Amino acid sequence: MVSATKVEGEYSFLSKNSPLDQFEGVKTHLYRFGTEQHGNDNIRSFACADQGGPSLLDTIILSQWDGSAWKGHLDYDVTSCKLKVIEGGRNFVVQLNDKWNSFSLKGYDKFFELFGCLKPNCMKSYEGLLLCVAQGEKDRPEVVPSTSPPKDGLLLIANAYPVEYGHIFLVSSAINQLSCSWDKRMFGLATKIASEVNNAAFRVFFDNGTSVVPDRMFFQACYFANPLPVESASTVTIYDGKARSGIIVSEIVDYPLKALVFTSNNIKALVNVVSEISFSLHDNSTAYSLLISNNGTKVFVFPQVKNLVTGYSLSAWECGGYFVYHTKFDFDKASETEISNKMTSVSLQDGAFEDLKHLCCATVDDLVM
Amino acid sequence: MESSGEADPAGQDQDRRLAASLTARYSDWVLEALDELPGCFLLTDPSLAGHPIVYASRGLATLTGYARREVLGRNARVLQGAATDRAAVAGVREAVRAQRAHQVDILNYRRDGSPHWVLLHLAPVFHAADGRLLHFLAVQVPIAAAARRPPCRAAAAMFAACREEARVDEDFPCASHAGKVFVDMDKRGLGAEEPRVASDSEKEKAMSTANSIFSALNRYSKLTGLVVCGKRCDSVGIQALSSSLNLSLGRIKQSFVLTDPHLPDMPIIYASDAFLSLTGYSREEILGCNCRFLNGPGTSMEVLEEINQHICSEQACTVDQLNYRKDGSSFRDLLHVSPIRDASGKVAFHIWVHLDVGTKHDFNGLTPEVWQLGAVGAVRVAVRGLSASGSLLRPSQ
């Protein structure tokens, strides 16, 4: 993996004074969103079988990822890792994968790989760069086959240590610009990508549980073939804003981790509300994860108690009920109880959760659309 | 050589009947197409009395000394002789009766009575839709003498031990003259032939000749709407795909098929609508069949071998292949083949994504390669959530 000297040497890239250039001569596919708005009553759900074929963005992401895997840019074939559903009713999904390392996502080495791969003049580094996504000017979306990425887009980069098929990082293409801990515009783009991919298997994630380099924001996404357990869990509506803002806030019940979900067909409203909540959580030093699902119409918020000793918090897919085990022994004895305990141990206290619920309702209430 | 063109009503009747055996099922062009194929092979019709030969290839004369006209209408046993192993003959008869493929090393006799060893590759030709047996295909590949032999004396001694016939005192020349020796021997003699075994390359030659013939038959079946295959394409025997998988696959617009490597002869278990449009076949015609019906005379053997190797090593490959539609027209196919794994982590299917390079396509700004791999990715996601039995992943018991 990453040697100590390498990390040291690369640290300068991340400092404010780093003269990191924009992409010199990097060319990639560029997908431009169209300006045409989708209707608010454009209901998309898992069960909708009458859709036309896969969307253009879906096709290009899958294709670029498969091509990257085929060329050997990834560390292993994640589809060769066994999956199973745990008995017990919650249908937690576990994967046996001895190559994936949770530390490969948290910590410096991950950032190094991310930004290290964007170093100019290092051809090998651009292997994982699949695509750039940005807002376009035309009505319809378009694909530009080979062009320099614009500064206001998101770069989609294949994760060499995938947790599932199609695992990518979504990173701002303005890498020499330090973003704050929460970039609403980026979140908007990430949600729009989920909407435009229009594939129920495609989920977008955000983790704010790490203490590493807080001034860099990035998202992740991948394709989960099966429903995530949290998506099937029961919910109770705690705020019905359909009439005013189009947003419904619900609490996930009967789930080991306390969580909330925001549902809306209005991406803009969703982005605004969740951004506000994220700011608050961050101000309170509450670790949290986000899961964007159902083609960008649902955002799950998983607030967590940060374990100050281990720094351990669950990643968004773990909050969703998907876990990776390294050894056959652990994989074989994985049980619903064990997994539930992991979740419960990072779950907010009742009082703190009640406060959060009030905050969410108030935020949605205040939202002027 | 028998003369032709005599006024012989009975003979002409028979000729018509024999020709009809083929032209009733295939277009007239099939005879020309078969004439162009190399190798020695026969087509026989089991539904006619005496199970006669209805077609003999151009290569027949070279190998057997018989002109084609001389064997038409006769049963294929005309090629056998006194020393032909009875067990081998019985094996062939049994295969014919059971309507299955058969391969055997057998001693045949030329027109001049000289015996020679051939690899006989027998394959039934079935009507793909109703499984009716139409013809038998008999390919003959001469078996070369073994490259290295023990010293002649020892060989003679061994020979003597194997065969009772009085050849013991004959001083056999060395291996390099073996062929010539056989021809020069007493033509009507019994045995005197050291049994030969077909080599792998001879078996491959038989297979590829058979494949070319099947392709030719397939290409020229358009007029009668027939598609033939070498085994009964039993789509009933193939497990139905789960409805959720069918649904997911049905959304994918590219031209592709899925094959199952766990079933014999790796049959097609799914074909997209786009594939059917591209090739002109109907779903019923091809489900259960191996992809080889797309191949034809222009299809490169090297490319087929490359695909085979990648399949065996569980790797993906993209090849440029010449393939053929049902109507016989060929097209340059940008073909990507890749293993697809299910939730168990093991290979469940192979995907074959086709693209007609010659046709202009509009993929909304995507290159053909990106368009193709998009199908592969979509299928991977669809299959990843399935258990080894093909259904959605459920808690294990």
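Residues numbered from 1 in each chain as written. Chains lettered and ligands numbered in written order. Predicted model: local features only at pLDDT ≥ 70, side-chain atom pairs only at ≥ 80, totals over all residues. Heavy atoms only, no water.

Let's shift gears to the overall build of chain A. Counting its secondary structure elements, chain A contains ten helices and 15 strands. In chain A, which comprises 369 residues, the proportion classed as buried is 56%. Restricting to contacts in chain A with at least 6 residues of sequence separation, those with at least 24 account for 71%. A total of about 15,600 Å² of accessible surface is found on chain A, and carbon and sulfur atoms cover 51% of it. (Helix = DSSP H or I, 4+ residues; strand = E, 2+ residues; numbered from the N terminus. Buried < 20%, exposed > 50% of the residue type's maximum accessible area, 1.4 Å probe, protein only. Contact = heavy atoms within 4.5 Å. Areas by Shrake-Rupley, 256 points an atom, 1.4 Å probe, with all protein chains shown as cover.)

This part is about the sheet that holds strand E8 (residues 202-207) of chain A. All names here are of chain A. Spatially, twelve strands are ordered E5-E1-E4-E6-E7-E9-E8-E13-E14-E12-E11-E10 in an open sheet, and the strand pairing comes out mixed. The sheet terminates laterally at strand E5 (142-147) and strand E10 (235-241), the two strands that pair on one side only. Mean inter-strand twist for the sheet, computed between neighbouring axes without regard to direction, equals 25°. Direction of pairing for strand E6 (residues 154-158) relative to strand E7 (residues 168-172): antiparallel, over a ladder of five bridges. Bridged to Leu 155 within E7 is Val 171. (Pairing = 2+ DSSP bridges. Axes fitted to C-alpha atoms, helices over the stretch in contact; angles between N-to-C directions.)

Attention now moves to the confidence of the model for chain B. Residues and elements named next belong to chain B. On average, chain B scores 80 in pLDDT, and the residues at 70 or more come to 79%. Note that residues 222-226 has pLDDT below 50 and, in this model, eleven contacts with residues that lie over four places away or in other chains. Per the prediction output, this complex has pTM 0.68; the corresponding ipTM is 0.87. (pLDDT = per-residue confidence, 0-100.)

A few words on the interface of chain B and chain A. With 35 residues of chain B in contact, the opposing surface of chain A contributes 37 residues. In this assembly, chain B packs against chain A so that about 2,800 Å² is buried in total across both faces, 62% of it on carbon and sulfur atoms. Together, Arg 251, Val 381 and Arg 384 of chain B form the three largest contributors to the area buried by chain B at its contact with chain A, with a combined 25%. For the pair chain B and chain A, the interface holds ten residue pairs in polar contact (both at pLDDT 80 or more). Of all the elements in the fold, those that place two or more residues in the side of chain B that touches chain A are strand E9 (317-324), strand E10 (330-341) and helix H13 (368-384) of chain B. Residue contributions to the side of chain B that touches chain A peak at eleven residues, all from H13 of chain B. Residues of the side of chain B that touches chain A, tallied by class, amount to 15 nonpolar, twelve polar and eight charged. (Buried area = accessible area lost by both parts, 1.4 Å probe. Polar contact = N/O pair within 3.5 Å; in protein donor to acceptor, adjacent residues only side chain to side chain. Nonpolar A, V, L, I, M, F, W, Y, C, P; charged D, E, K, R; others polar.)

Residue and element names in this part refer to chain A. Neither face of strand E15 (residues 322-325) is open: one carries Tyr 322 and Val 324, the other Phe 323 and Tyr 325, and all of them are buried. Where strand E3 (residues 93-96) and E15 come together, four bridges link them in parallel fashion. When the bridges of E15 are listed, Gln 95 appears paired with Val 324.

All names here are of chain A. Applying the stated criterion to the full structure yields 19 aromatic pairs over all chains. Seen from their ring centres, Trp 100 and Trp 317 are 6.2 Å apart, and the 65° between their planes marks the pair as edge-to-face. On the criterion of sequence distance, the pair formed by Trp 100 in the loop between E3 and helix H3 (108-116) and Trp 317 in helix H7 (residues 316-320) is long-range, its members being 217 residues apart. Trp 317 matches Trp 100 in its accessibility class, with the two residues each being buried. An aromatic cluster is defined as three or more aromatic residues linked by ring pairs; in this entry it consists of Trp 100, Phe 205, Phe 224, Trp 317 and Tyr 322. (Phe/Tyr/Trp six-rings, centres within 6.5 Å; stacked < 30°, edge-to-face > 60°.)

Residues and elements named next belong to chain A. Reading across from one edge, E2-E3-E15 is the order of the three strands in this open sheet, with mixed pairing throughout. Either end of the sheet is taken by a strand with one partner, and the two such strands are strand E2 (83-85) and E15. Within this sheet the neighbouring strands show an average axis-to-axis angle of 25°, counted without direction. The pairing of E2 with E3 spans three bridges and is antiparallel.

Let us now look at the pairing of strand E5 (residues 133-142) of chain B. Residues and elements named next belong to chain B. Along E5, nine of the ten residues are buried, which leaves the element largely enclosed by surrounding structure. Note that strand E1 (residues 40-44) and E5 share five bridges and pair antiparallel. Pairing of Thr 44 across the sheet is with Phe 136, part of E5.

Next up on the list: the confidence of the model for chain A. Residue and element names in this part refer to chain A. Across chain A, the average pLDDT comes to 82, with 77% of residues at or above 70. The low-confidence segment residues 106-112 (pLDDT under 50) makes 26 contacts with residues lying over four places distant or belonging to another chain. Here residues 119-125 scores under 50 on pLDDT; set against residues more than four positions off or in separate chains, the count is eleven contacts.

Here we come to the environment of Ala 101 of chain B. Residue and element names in this part refer to chain B. For Ala 101, the location among the structural elements is in the loop between helix H5 (86-98) and strand E3 (102-109). For Ala 101, a relative accessible area of 47% corresponds to the partly exposed category. Taking the C-alpha atoms as reference points, Ala 101 and Val 125, separated by 24 residues in sequence, lie 9.4 Å from one another.

Moving on: the state of the cysteines. Per the stated rule, a full pass over the model turns up zero disulfides over all chains. Cys 291 of chain B takes part in no disulfide bond, and the closest cysteine sulfur, belonging to Cys 289 of chain B, lies 9.6 Å away. (Disulfide = S-S within 2.5 Å.)

Let us now look at the pattern of salt bridges. All names here are of chain A. Enumeration according to the criterion identifies 24 salt bridges over all chains in this entry. In this structure, the salt-bridge partner of Arg 90 is Asp 254, at a minimum N-O distance of 3.8 Å. Within this pair, whereas Arg 90 is found in the loop between E2 and E3, its partner Asp 254 is found in the loop between strand E11 (247-252) and strand E12 (260-263), the two being separated by 164 residues in sequence. On the basis of relative accessibility, which here comes to 25%, the residue Arg 90 falls in the partly exposed class. (Salt bridge = Lys/Arg side-chain N within 4 Å of Asp/Glu carboxyl O.)

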